[in-house]
Amino acid sequence: MAGLNDNIRYLKGVGETRAKAMEKLGIHTLRDLLSYFPRAYEDRRTICAIKDAPLDIPVCVRAMAAAPPVASYVRKGMELLKLRAVDDSGSLEITWFNQAYLRSQLETGATYIFYGRVTEQGRRRAMANPVFEREDRQGVVTGRILPIYRLTAGVPQKLMISAMEQALAGCGSRMPDILPPELCRRLKLAQAPYAYENIHFPRDEQALDKARERLVFEELYVLGAALAMLREKRTGEPGRAMQALPMDEFWAALPFAPTEAQRRAVREAAADMTSGVPMNRLLQGDVGSGKTLVAAALIWLAVKNGCQAAFMAPTEILAEQHFATLSQLLEPMGIRVVRLTGSMTAAQKRQVNGLLSLGQADVAVGTHALISGGVTFFDLGLVVTDEQHRFGVAQRGALAEKGDKPHTLVMSATPIPRTLALIIYGDLDVSVLDELPPGRQKVDTFAVGEDMRPRIWRFVRRLVGEGRQVFIVCPMVEESEELPPTVKSAQSYAKTLQSEVFPDLRVGCVHGRMKAKEKDAVMAAFAAGELDILVSTTVIEVGVDIPNAALMIVENADRFGLSQLHQLRGRVGRGQHKSYCVLFSDGETEEARARLAIMTKTGDGFKIAEEDLRLRGPGDFFGSRQHGLPEMHIADLSADMRVLKQAQQEAQDTLARDPSLEQPENIPLRDRIRELFEINGNTLN
Ligand code: ADP
Ligand code: MG
């Protein structure tokens, strides 16, 4: 008997090689396979008469082979097989290209179901390359709703379907049922075996709806329970209550006035910090909205309350930048700021560590070097993490462990549509900086095609001539055989630009496969003005501040998400210079054009995020890369909003009744959550 954890290579028709290919789709076991849902369906149930068949959409036609098929060579590499098929209403000219082997499968006088598009040439009706099967052996490729799976090289649709049928027959009924029976009954949700059967091979539309409804609910229920457990862990115990202080004292020491949004965020966070419950707040703000200053205000509050603060950034260069900003701002107020990064020598680290453990330094700014074993704090009361999606829960947690229930603030420049933020960040409170500091200039943005290349290159020269610097971002690090050669890779493009286009300018390159040290060295050179053009992958996406950079060029821009483009654009326009963003693409489709057009029209990160969500769907948007949330297999977080709320409520109720999920009916849920945390490692945010 087949088991859910059996490897797929034992299925008929799969074997070693194809199993390897299927692993690329994340499918290893029969259970993975059954959880691999179709991306679409083809309804091959209705059979039309030849004369009445609608044109140019796929349909089934039942017709008899009227004569033996005729093969002919058109030219080298092009062989035709022609068949005349008839039914009561008329005749159909069927052609297959380069599939002469089908000849032996077609018997004159036998009736077949052909599935394909009917076209009309004059009064003659024709069909090219249909799939077909004999009427008396119907039901495999016609006569039913057929699933369409996302594929990879070496795994044809036919194989997926046959493998799926075997898996369903073998152990479909043993897929674990995550939902307690009581809940299924109450909400009238289908049971697991029915759902798996019908999500793959739906009996009819209703069955498909039922199956989908159930699986979507299950996925969101698991997510809801996982988030609720995280929140529970946090709010269970009391935290430290700090003394409220007049913030005007801090604001007055600044060279500029805070924005209203900054004041509000500080008020909200300060209320948490003085409440007696540990703060766990997300600060969301567009690039350049001034999140660092909010953090500084809260650090000031913590230190004035007699405790220490830690500020963790995802990269060395960002840590350096924050260290410079924060020490400049806070040192004059009598606050001692130290730096702790991986590139410091052991002796330097020891020295800083000594200061922190004795309470002789108030603020530590650094990279994840801060969470290394050797670091101890005298009394850590506030933990700030910048660009939170780069860190997982565990890393944030590890830093918080170094204090006695410190307050935590995580900052993110990835705007999430407001409607979703509260649900997605179910375990965090959220403050939003929805206002940019005054005087921030708009970055003029252009979406252009290859024909504009010469003009843009002249523009690069002009700007560099004026002393400005230029970013050029490519979608890939290295060339790839799987993608068309028009897709630019940072490494080779940088070489080409240096040798062929801008031999007289200084071109540098930075990408994610470089060692952190090399990367930082190149970034530092660019920041110091020693390079004119920096070609890179999206490694520069995160908050680097280079005020002299005035032009951001993105190659193959249609390959990026809008939110990502917005982040990239935020790298320029940070100084007093007029700045520009040029999005190159040969995106042919209407949709690709519409997406890039949005970038040229608005600079509002939230608006862009919402458009992105609307146009691309949440699949990419909520990909684990951006949020650390597990990838959704079937649920659509924008369309299934109502279910999301309901599933979340049910999950909370379940946990309220059975907090550690020990009841027999909740064990499958507990196991699933554990897996989820394991798969996503530390990243379930
Ligand atoms: P981000 O939210 O992207 O991290 P930063 O905190 O780096 O933004 O701030 C961007 C720039 O805006 C910094 O140079 C900072 O000094 C400046 N800034 C922040 N707040 C204000 C303000 N209220 N008025 C003027 N400039 C500000
Ligand atoms: Mg920042």
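Residues numbered from 1 in each chain as written. Chains lettered and ligands numbered in written order. Predicted model: local features only at pLDDT ≥ 70, side-chain atom pairs only at ≥ 80, totals over all residues. Heavy atoms only, no water.

**Topic: the sheet that holds strand β14 (residues 363-366)**
Reasoning step 1: Read from one edge of the open sheet, seven strands run β13-β14-β12-β15-β16-β11-β17, paired in parallel fashion. Each edge of the open sheet carries a strand with a single partner, namely β13 (337-340) and β17 (429-433). Averaged over all pairs of adjacent strands, the angle between strand axes in this sheet comes to 20°, irrespective of strand direction.
Reasoning step 2: As paired elements, β13 and β14 share four bridges and run parallel to each other. Looking across to β14, one finds that R339 is bridged to V365.
Reasoning step 3: Each of β11 (280-285), β12 (308-312), β14, β15 (380-385), β16 (407-412) and β17 is contacted by helix α9 (residues 291-304), which is oriented at about 170° to β16, the strand it contacts most.
Reasoning step 4: Contacts from helix α10 (residues 316-330) reach β12, β13 and β14, with the element oriented near 170° to β13. (Pairing = 2+ DSSP bridges. Helix = DSSP H or I, 4+ residues; strand = E, 2+ residues; numbered from the N terminus. Axes fitted to C-alpha atoms, helices over the stretch in contact; angles between N-to-C directions. Contact = heavy atoms within 4.5 Å.)

**Thoughts on unusual backbone geometry**
Reasoning step 1: Although it is not a glycine, D56 adopts a positive phi angle of roughly 65°.
Reasoning step 2: Here D56 shows up in the loop between β2 (47-48) and β3 (58-65).
Reasoning step 3: A residue is classified by how much of its surface remains accessible, and D56, at 46% relative accessible area, is partly exposed. (Buried < 20%, exposed > 50% of the residue type's maximum accessible area, 1.4 Å probe, protein only.)

**Details of the site of ligand 1**
Reasoning step 1: Near ligand 1 you find 16 residues, and of these A257, Q262, G288, K291 and T292 are the closest.
Reasoning step 2: In this structure, a nitrogen atom belonging to ligand 1 sits 3.0 Å away from a side-chain N or O atom of Q262.
Reasoning step 3: Here an oxygen atom of ligand 1 sits 3.4 Å away from a polar atom, N or O, in the main chain of S289.
Reasoning step 4: Summarising the interface, the protein chains cover 77% of the accessible area of ligand 1, which totals 560 Å² for the free molecule.
Reasoning step 5: Placement of ligand 1 is best described as lying within the second largest pocket.
Reasoning step 6: In terms of residue count, α9 provides more of the shell around ligand 1 than any other element does, three residues in total. (Near = heavy atom within 4 Å. Polar contact = N/O pair within 3.5 Å; in protein donor to acceptor, adjacent residues only side chain to side chain. Areas by Shrake-Rupley, 256 points an atom, 1.4 Å probe, with all protein chains shown as cover. 1 Å grid on protein atoms, 1.4 Å probe; cavity = no way out; pocket = protein on both sides within 12 Å on 5 of 7 lines; lining within 4 Å. Sits in = over half its atoms within 2 Å of the grid points.)

**Some details on the nonpolar core**
Reasoning step 1: Within the largest apolar cluster, 58 residues are counted, with the highest numbers of intra-cluster contacts made by M22, L33, L34, M160 and Y221.
Reasoning step 2: Looking at this core, the element that brings in the most residues is helix α6 (residues 205-235), giving eleven residues.
Reasoning step 3: Non-local contacts of L34, meaning those with residues more than four positions away in its chain, are made with L4, M164, A167, L168, C171, G172, M175, Y196 and H200.
Reasoning step 4: The next biggest cluster of nonpolar side chains, apart from the first, holds 40 residues, and it includes A261, V266, M333 and L409. (Core = buried A, V, L, I, M, F, W, Y, C linked by side-chain atoms within 4.5 Å.)

**Quick look at the confidence of the model for the protein**
Reasoning step 1: This prediction gives the protein a mean pLDDT of 86; 89% of its residues lie at or above 70.
Reasoning step 2: Below a pLDDT of 50 lies the segment residues 618-628, which in the model reaches 39 contacts outside its immediate sequence neighbourhood of four places, other chains included.
Reasoning step 3: Ignoring residues within four places in sequence, the model shows residues 680-685, a span with pLDDT below 50, making 28 contacts including any to other chains. (pLDDT = per-residue confidence, 0-100.)

**Description of the environment of M514**
Reasoning step 1: Mapped onto the elements, M514 comes out in the loop between β20 (507-510) and α16 (516-527).
Reasoning step 2: A relative accessible area of 15% means that M514 is categorised as buried.
Reasoning step 3: Residues M514 and V477 lie 37 residues apart in sequence; the distance between their C-alpha atoms is 9.8 Å.
Reasoning step 4: Dropping the residues within four chain positions of it, M514 is found in contact with C509, K519 and V522.

**Details of the packing of aromatic side chains**
Reasoning step 1: Summed over all chains, the structure comprises 13 aromatic pairs.
Reasoning step 2: Ring centres of Y112 and F114 lie 5.9 Å apart, and the angle between their planes is 45°; this geometry places the pair in the tilted category.
Reasoning step 3: When the ring of F459 is compared with that of Y580, the centres are 5.0 Å apart and the planes differ by 85°; the resulting orientation is edge-to-face. Linking F459 in helix α14 (residues 453-465) with Y580 in strand β23 (residues 580-584), this pair joins segments that are 121 residues apart in sequence. With respect to class, F459 is no different from Y580; both count as buried. (Phe/Tyr/Trp six-rings, centres within 6.5 Å; stacked < 30°, edge-to-face > 60°.)

**Details of the sheet that holds β23**
Reasoning step 1: Strands sit in the order β18-β23-β22-β19-β21-β20 across an open sheet of six strands; the sheet is parallel. In the strand order of this sheet, the two ends are held by β18 (444-448) and β20, each with one partner. Across this sheet, the average inter-strand angle for adjacent strands is 20°, counted without regard to direction.
Reasoning step 2: Pairing geometry for strand β22 (residues 549-554) and β23, over four bridges, is parallel.

**Describing the pattern of salt bridges**
Reasoning step 1: Considering all chains together, one arrives at 34 salt bridges under this definition.
Reasoning step 2: Note that D434 is salt-bridged to R264, the shortest N-O span being 3.4 Å. Placement of the pair is D434 in the loop between β17 and β18 and R264 in helix α8 (residues 260-273), with a sequence separation of 170 residues.
Reasoning step 3: Judged by its relative accessible area of 46%, D434 is partly exposed.
Reasoning step 4: According to the relative accessible area criterion, R264 is partly exposed, its value standing at 29%.
Reasoning step 5: Between K578 and D444 there is a salt bridge whose closest N-O contact spans 3.3 Å. Of the two residues, K578 sits in the loop between α17 (562-569) and β23 while D444 sits in strand β18, which places them 134 residues apart along the sequence. (Salt bridge = Lys/Arg side-chain N within 4 Å of Asp/Glu carboxyl O.)

**Focus on the environment of F378**
Reasoning step 1: Locating F378 in the fold gives a position in the loop between β14 and β15.
Reasoning step 2: Note on F378: relative accessible area 59%, which makes it exposed.
Reasoning step 3: It is 8.6 Å that separates the C-alpha atoms of F378 and Q360, two residues lying 18 residues apart in sequence.
Reasoning step 4: Ignoring any residue separated from it by four or fewer positions in sequence, one finds F378 in contact with Q308, L356, S357, L358 and G359.

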